[in-house]
Amino acid sequence: MVFGVAAASRSIAAAAAAAASPSSMGMNAGGIDRAESNECGVKVLDMSAYYSGDPHKLKDFVTQLHVQCRTTGFFYLQNHSVPQHLCDDMLQLARKFFTSSLDTKMSIDYTQSAQFRGYMRLGWENTAGLSDYREQLDFGPEEEEEADMINGRLNHLVYPLYRRLRGPNQWLSNETIPHFRPIVENFMLKMSTFSMEVMKCIALSLGLSKDYFDSSFGHRPHYQMKVARYPPVPEPEMGGNGSLYGVGPHTDSGYLSFLLQDDVGGLQALSKDGNWIDVLPRRGTFVVNLGEMLQLATNGLYLATMHRVVNCQGQKSRYSVPFFFNPRLDAKVEHIPITEFSNAGSKDAYPNAPVSNFPVRGNENCGARNKIFPIFGDNAFKSFARSHPQLVKMHHPDLREADGTIVFRESAGDNGYVLYFPS
Ligand SMILES: O=C(O)CCC(=O)C(=O)O
Ligand SMILES: [Fe+2]
């Protein structure tokens, strides 16, 4: 397993994919699950039950949600609160951006950002040691940078480190691509509101009050949005390597992931019996999957399911917009009090996965190289830094030792925890 390279919103657990047998995709939920099912077996749940205010519909909906979170960790949400025209505009913008000139794209190259945001070229990202076959554009909440810049670098005395993740996005001018910034900002705003609604449903589905997560997420959630293009894989007879992944097998590392996808397809989720199941495009829906932090917080009751993207051959690129909804950077990840379900641990969910990859406690060193920190932002910074050691060297040089090792420090004098070993 290669530890230095995995996308920030995704976990280094990815390499366990081939061996692991997670989740129960498509499992029959014993009669109480009346959700409609897509051709692929992933259920379609209807958010209108939440908006209707009808307590019976809501009860039925959160029961279905509970079942999907426990059995598959993947579902579609339809009748959500994000306008369809905005979703269409967002995908159209993705096409415009990725088909613009390399100069335009490189004008917002992510190496210019101390917050790891902007455009990432094809081949610059790896999952489980293999290069991903996609190019992408990353955004987060638009904020002031927390520290003064010194010679173009963040002031290295900024602690806790997660504060360094606060900062601006990189934008293209209206002349370069009309409405670039308003469309992205409007989409992120609507996604953020919708994600919070889903968090409330998740709380209800765990038998908690619907505002249970408000203090951790409500005021300043630290979401991450990607806009991705998956080019068709060159055919073997054209000298291509047919085994390339758009994104290699992985689990998402945050709380909830929402995916807007076009009509091309390529997303697959790993079923309990070890089969990769197509999560087919379905207009008017978001694909939702759970991340490791939610699995951790529920002590493994809710599942972070392995997934990947397989690029098609032929002419057509695939465009998708994953939105990773995460709490405030300073939120502490704590176990949710759901004692009635305490028998369900992640060891059951992932019977063959190495324990270090699926920790069930929030504050322990789970294997020498995969420490889970109790503060969400620390984990987020850790993932970014481990994914992009070259950016740490450029923007956070105080974290880099002479031999190239990257060290996570909780304060200026701290000896730190090694995040990245040079190979
Ligand atoms: O683009 C997709 O279909 C999924 C992307 C994904 O899983 C990720 O970026 O974590
Ligand atoms: Fe993912």
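Note: the structure precedes this text.
A brief structural summary. Sequence order as written defines residue numbering, which begins from 1 separately in each chain. Going through the entries in the order they are written, you letter the chains from A and number the ligands from 1. Given that the model is predicted, a residue must reach a pLDDT of at least 70 before its local features are reported, and side-chain atom pairs must reach 80 or more before they are shown or counted; all residues, however, enter totals for whole chains, interfaces and linings. Side-chain figures throughout are based on the complete set of non-hydrogen atoms in the structure, without hydrogens or water.

## Some remarks on the sheet that holds strand 14 (residues 276-278)
Strands pair in a sheet through their backbones, by hydrogen bonds, and they do so in one of two ways: parallel or antiparallel. Filter applied, for reference: Note on pairing: DSSP must find at least two bridges between two strands before they are called paired. Put simply, DSSP H or I for four residues or longer makes a helix, DSSP E for two residues or longer makes a strand, and each gets a number counted from the N terminus. What counts as an axis is a line fitted to C-alpha atoms, over the stretch in contact for a helix, and the angles between N-to-C directions run from 0 to 180 degrees.
Strand order in the open sheet formed by four strands is 11-16-13-14, and the pairing between neighbours is antiparallel. The sheet is open, and its two borders are formed by strand 11 (247-250) and strand 14, each paired with just one other strand. Direction aside, neighbouring strands of the sheet carry axes that sit 25 degrees apart on average. As paired elements, strand 13 (residues 267-270) and strand 16 (residues 307-309) share three bridges and run antiparallel to each other. Within strand 16, the position partnered with Ala269 by the bridge is His307.

## Brief notes about helix 2 (residues 55-71)
This is how it is decided: Expected helix span is computed as 1.5 Å times (number of residues minus one). Only protein chains enter the area calculation, which uses a 1.4 Å probe; residues under 20% of their type maximum are buried, those over 50% are exposed, and those in between are partly exposed. The contact rule is simple, with two residues in contact once any of their heavy atoms fall within 4.5 Å. Counting of polar contacts relies on pairs of N or O atoms within 3.5 Å, with two restrictions inside protein: one atom must be capable of donating a hydrogen and the other of accepting it, and residues adjacent in sequence are counted only when both atoms are side-chain atoms.
With 17 residues, helix 2 should reach 24 Å at 1.5 Å per residue; the first-to-last C-alpha distance of 24 Å fits that figure. Taken together, the buried positions of helix 2 are occupied by Phe61, Val62, Gln64, Leu65, His66, Val67, Gln68, Cys69 and Thr71. On the buried face of helix 2, the contacting elements are strand 2 (43-46), helix 1 (48-52), strand 3 (74-78), helix 5 (180-205) and strand 15 (285-290). Where helix 2 begins, the side chain of Asp54 points an oxygen toward the backbone nitrogen of His56, at a separation of 2.8 Å. Residue Gly73 follows helix 2 closely and has a positive phi angle near 70 degrees.

## Topic: unusual backbone geometry
Note that the residue after Tyr159, namely Pro160, is joined by a cis bond; omega there is -10 degrees. Positionally, Pro160 belongs in the loop between strand 9 (153-154) and helix 5. You will see that Asn79, though not glycine, has its phi angle at about 55 degrees, which is positive. Along the chain, Asn79 turns up in the loop between strand 3 and helix 3 (84-98). Residue classification places Asn79 among the partly exposed residues on the basis of a relative accessible area of 41%. Within the chain, Asn299 stands out as a residue other than glycine whose phi angle is a positive 55 degrees.

## A short note on empty space enclosed by the protein
For the record, the criterion: Computed over the protein atoms alone on a 1 Å grid, cavities are sets of points where a 1.4 Å probe fits but cannot get out and pockets are open sets with protein on both sides within 12 Å along at least five of seven lines; a residue lines them when it has an atom within 4 Å of a point. Grid points are joined across faces, edges and corners, and a volume is the space filled by probe spheres set on the points. In the scheme used here, Gly and all other residues not listed as nonpolar or charged are polar, with Ala, Val, Leu, Ile, Met, Phe, Trp, Tyr, Cys and Pro taken as nonpolar and Asp, Glu, Lys and Arg as charged.
Inspection of the entire model under this criterion finds five cavities of 30 Å³ or more. Considered as a void within the structure, the second largest cavity measures approximately 180 Å³ in volume. Lining the second largest cavity are 19 residues, with His250, Leu259, Leu267, His307 and Pro322 positioned closest to its centre. Put simply, the parts of the chain that give the lining of the second largest cavity at least two residues each are strand 11, strand 12 (256-261), strand 15, strand 16 and strand 17 (318-325). In terms of residue count, the dominant contributor to the lining of the second largest cavity is strand 17 (four residues). Its residues assigned to classes, the lining of the second largest cavity shows ten nonpolar, five polar and four charged.

## What to know about the nonpolar core
The condition is simple: Only buried residues count toward a nonpolar core, which is a set of Ala, Val, Leu, Ile, Met, Phe, Trp, Tyr and Cys residues joined through side-chain atoms within 4.5 Å.
Counting residues in hydrophobic clusters, the biggest one holds 89 residues, and the most contacted among them are Met90, Phe180, Phe187, Ile202, Met225, Leu256 and Phe258. Here this core gets 13 residues from one element, more than from any other, and that element is helix 5. Apart from residues lying up to four places away in sequence, Phe258 is in contact with Met191, Phe194, Ser195, Val198, Phe286, Val287, Val288, Val321, Pro322, Phe323 and Phe325. By size, the runner-up hydrophobic cluster in this structure holds 13 residues, among which are Val42, Phe74, Ala228 and Ala269.

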